[in-house]
Amino acid sequence: MTTTPATPAYDPDNIFAKILREEIPSFRVYEDDETLCFMDIMPRADGHCLVIPKTPCRNVLDATPEQLAAVMRTVQKVSRAAMVAFGAGGVSLQQFNEAVGGQEVFHLHVHVLPRHAGTPMRAPGKMGDMDAIKGHAEQLRAALETL
Ligand code: 5GP
């Protein structure tokens, strides 16, 4: 039997919902009918971006299988682009659920972090350089066009 654990209600005023509605700016990398990818403003690695569904859900706990599938399709696409764009040796994916699980923004998202051998991830919570982030978004967009 499948059980659905109770999660708090979705808050339509969360930061990522505002980014989706373009009420606050973001560096967009990719979008399709179901998902959006944009840059994280506190990047833990160069090229750190986030993939979200365009429809509301807090996280994996209340997402539909269709939302999860759409997000992961885009995660794979962007991860492959990140390998090319940054000459990465690998990609780390992070995904957190509810505050106790490490989640800070309550709209489902997957972190895509391009990785290089010997380069540790930076500490969380430090604002990145906006010009650098803009440049990384452009590199990702260019790589996506080649795939
Ligand atoms: P999590 O909820 O998985 O812990 O992380 C939320 C992520 O959102 C963090 O990596 C943080 O840097 C990022 N973030 C928080 N506020 C904003 C924002 O206003 N714009 C963007 N692009 N990213 C944000």
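Every value quoted in this text rests on a predicted model; they were computed, and no experiment measured them.

## Notes on the pattern of salt bridges
So, point 1. In the structure shown here, the tally under the stated rule is eight salt bridges.
So, point 2. Across the pair Arg-73 and Glu-34 runs a salt bridge, and its minimum N-O distance is 3.7 Å. Of this pair, Arg-73 sits in helix α2 (residues 65-85) while Glu-34 sits in the loop between β1 (28-31) and β2 (35-39); the two residues are 39 residues apart in sequence, bridging distant segments of the chain.
So, point 3. Glu-34 gets classed as partly exposed once you look at its relative accessible area, which sits at 40%.
So, point 4. Of the charged contacts, one joins Glu-98 and Arg-58 as a salt bridge, the two residues approaching to 2.8 Å between their closest N and O atoms. Here Arg-58 lies in the loop between β3 (49-53) and α2 and Glu-98 lies in the loop between β4 (90-94) and β5 (110-115), a separation of 40 residues in the sequence.
So, point 5. Within the structure, one salt-bridge network assembled from shared partners comprises Asp-13, Arg-21 and Glu-23.

## Examining the site of the ligand
So, point 1. The environment of the ligand is made up of 16 residues, and the closest members are Met-39, Asp-40, Glu-104, His-109 and His-111.
So, point 2. In this structure, Gly-102 approaches the ligand through a main-chain N or O atom, which is 3.0 Å from an oxygen atom.
So, point 3. When the ligand is considered free in solution it has 520 Å² of accessible area, and contact with the protein chains removes 88% of it.
So, point 4. If you map the ligand onto the pockets, it falls in the largest pocket.
So, point 5. Breaking the shell around the ligand down by element, the ones donating at least two residues are α1 (15-20) and β2.
So, point 6. By residue class, the composition of the shell around the ligand is ten nonpolar, four polar and two charged.

## Points about the sheet that holds β2
So, point 1. With respect to topology, five strands assemble into an open sheet ordered β1-β2-β3-β5-β4, the strand pairing being antiparallel. Two strands close off the open sheet at either side, each with one partner strand: β1 and β4. On average, each strand axis in the sheet is inclined to that of its neighbour by 20°, with strand direction left out of account.
So, point 2. Across three bridges, the pairing between β1 and β2 is antiparallel.

What counts as what
Residues numbered from 1 in each chain as written. Predicted model: local features only at pLDDT ≥ 70, side-chain atom pairs only at ≥ 80, totals over all residues. Heavy atoms only, no water. Salt bridge = Lys/Arg side-chain N within 4 Å of Asp/Glu carboxyl O. Helix = DSSP H or I, 4+ residues; strand = E, 2+ residues; numbered from the N terminus. Buried < 20%, exposed > 50% of the residue type's maximum accessible area, 1.4 Å probe, protein only. Near = heavy atom within 4 Å. Polar contact = N/O pair within 3.5 Å; in protein donor to acceptor, adjacent residues only side chain to side chain. Areas by Shrake-Rupley, 256 points an atom, 1.4 Å probe, with all protein chains shown as cover. 1 Å grid on protein atoms, 1.4 Å probe; cavity = no way out; pocket = protein on both sides within 12 Å on 5 of 7 lines; lining within 4 Å. Sits in = over half its atoms within 2 Å of the grid points. Nonpolar A, V, L, I, M, F, W, Y, C, P; charged D, E, K, R; others polar. Pairing = 2+ DSSP bridges. Axes fitted to C-alpha atoms, helices over the stretch in contact; angles between N-to-C directions.

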